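Spelled out, the chains give:
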Amino acid sequence: MSATTHTTHTTHTTTVPQATTDASVAAPTSGTASAPTGGTASDRPASNGRHPVEMLKRRWPTALAVALVILTTADGSGELADTVGAFGDALPLLPLLYVIIHQVGNPRVTWPVLGAGVAAMVALGAQDVVSQPVALVAIALAVLVWGAVRGTPHGRATFGVQAAGAFGFGALALVGLVVDPDLGRYLVATGWFFHGVWDFVHLKLDKVVARSFAEWCGVVDVLIAVHLLFLL
């Protein structure tokens, strides 16, 4: 019985170092395998390097708006009354575009309607029979009457909001043009700024106009308002 006991003890003491040896070998293997996994992080800077280009592609309306305002306001040598008059004349065009696009019921026509509106502004500026803002407000009223009689594709609630915008921004433009330019600049700037807010709300809701136009117009409006307030 003593021999059997001695043999069992010997076998037991032999297997313990074997387990220890296996563990010590396995540890470096695990550490070596983790190295390639950490090395894959080197691919991230290349992805980040393309990030500004992707941002520019997504935010092209903002870039276009900034470039347009810089070109429009670069020459700051004009008289205060002329500058207020120019931006006051153009202000009623903004809600008019929304009213027309609302009645068409298809945001895809946004940019073509803008082009037609700019052409109308040029044509109105070439004649002296009726002022630009009065003509634009009259067109907006005609479209609103059309909507009230024939119905609207976006419903009465949205139609009422667009009508309120046309009246509100049109009134700010007309009053800003008839008062003293020192006061008129603040009224016209208020109209441009809050129409920028109007644009961003429509951008958030994704309603009435194309999203690219809402972003572009919002940036233009806010920058022009800042120009009227601080850069004259």
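Predicted, not measured: the structure shown is a model, and the values here were computed from it.

Peer 1: Even after reading the chapter, I still don't get unusual backbone geometry, so can you show me in this structure?
Peer 2: Trans peptide bonds make up most of the peptide bonds, and negative phi angles are found at most residues other than glycine. For Asp-206, which is not a glycine, the phi torsion comes out positive at approximately 55°. With respect to the secondary-structure elements, Asp-206 resides in the loop between α10 (181-205) and α11 (211-230). The class of Asp-206 is partly exposed, set by a relative accessible area of 47%.

Peer 1: Please clarify how the packing of aromatic side chains should be interpreted in this entry.
Peer 2: The relative placement of two aromatic rings is captured by the distance of their centres and the angle of their planes. Taken as a whole and judged by the stated rule, the model has nine aromatic pairs. Between Phe-87 and Trp-192, the aromatic rings sit 5.9 Å apart at their centres with planes inclined by 85°, giving edge-to-face as the arrangement. Of the two residues, Phe-87 is situated in helix α5 (residues 80-90) and Trp-192 in helix α10; the sequence distance between them amounts to 105 residues. For the pair shown, Phe-87 and Trp-192 are each scored as buried. Ring centres 5.4 Å apart and planes at 80° place the aromatic pair Phe-193 and Phe-194 in the edge-to-face group. Taking the relative accessible area as the measure of exposure, Phe-193 reaches 37% and is therefore partly exposed. Of the residues examined, Phe-194 reaches a relative accessible area of 46% and is grouped as partly exposed. A network of ring pairs unites the aromatic residues Trp-60, Tyr-98, Trp-111, Phe-169, Trp-198, Phe-213 and Trp-216 as a single cluster. Directly above the aromatic system of Tyr-186 lies the positively charged group of Arg-185, at a separation of 5.4 Å from the ring centroid.

Peer 1: In this structure, what is going on with the packing of α5 against α10? I would like to understand it.
Peer 2: Geometrically, a packed helix pair is captured by the angle between its two axes and the distance between the axes. Across the interface, α5 lies against α10 with an axial gap of 9 Å and an inter-helix angle of 30°. Between α5 and α10, the angle falls in the class roughly parallel. The hand of the α5/α10 crossing is left-handed. Contacts between α5 and α10 involve Leu-80, Ala-81, Val-84, Phe-87, Gly-88 and Ala-90 from the former and Pro-181, Asp-182, Gly-184, Arg-185, Val-188 and Trp-192 from the latter. For the contact of α5 with α10, a count of residues per class yields eight nonpolar, two polar and two charged.

Calculation notes
Residues numbered from 1 in each chain as written. Predicted model: local features only at pLDDT ≥ 70, side-chain atom pairs only at ≥ 80, totals over all residues. Heavy atoms only, no water. Helix = DSSP H or I, 4+ residues; strand = E, 2+ residues; numbered from the N terminus. Buried < 20%, exposed > 50% of the residue type's maximum accessible area, 1.4 Å probe, protein only. Phe/Tyr/Trp six-rings, centres within 6.5 Å; stacked < 30°, edge-to-face > 60°. Lys NZ or Arg CZ within 6 Å of the ring centre and 35° of its normal. Axes fitted to C-alpha atoms, helices over the stretch in contact; angles between N-to-C directions. Parallel < 35°, antiparallel > 145°, perpendicular 65-115°, else oblique. Left-handed = near helix turned anticlockwise from the far one by under 90°. Contact = heavy atoms within 4.5 Å. Nonpolar A, V, L, I, M, F, W, Y, C, P; charged D, E, K, R; others polar.

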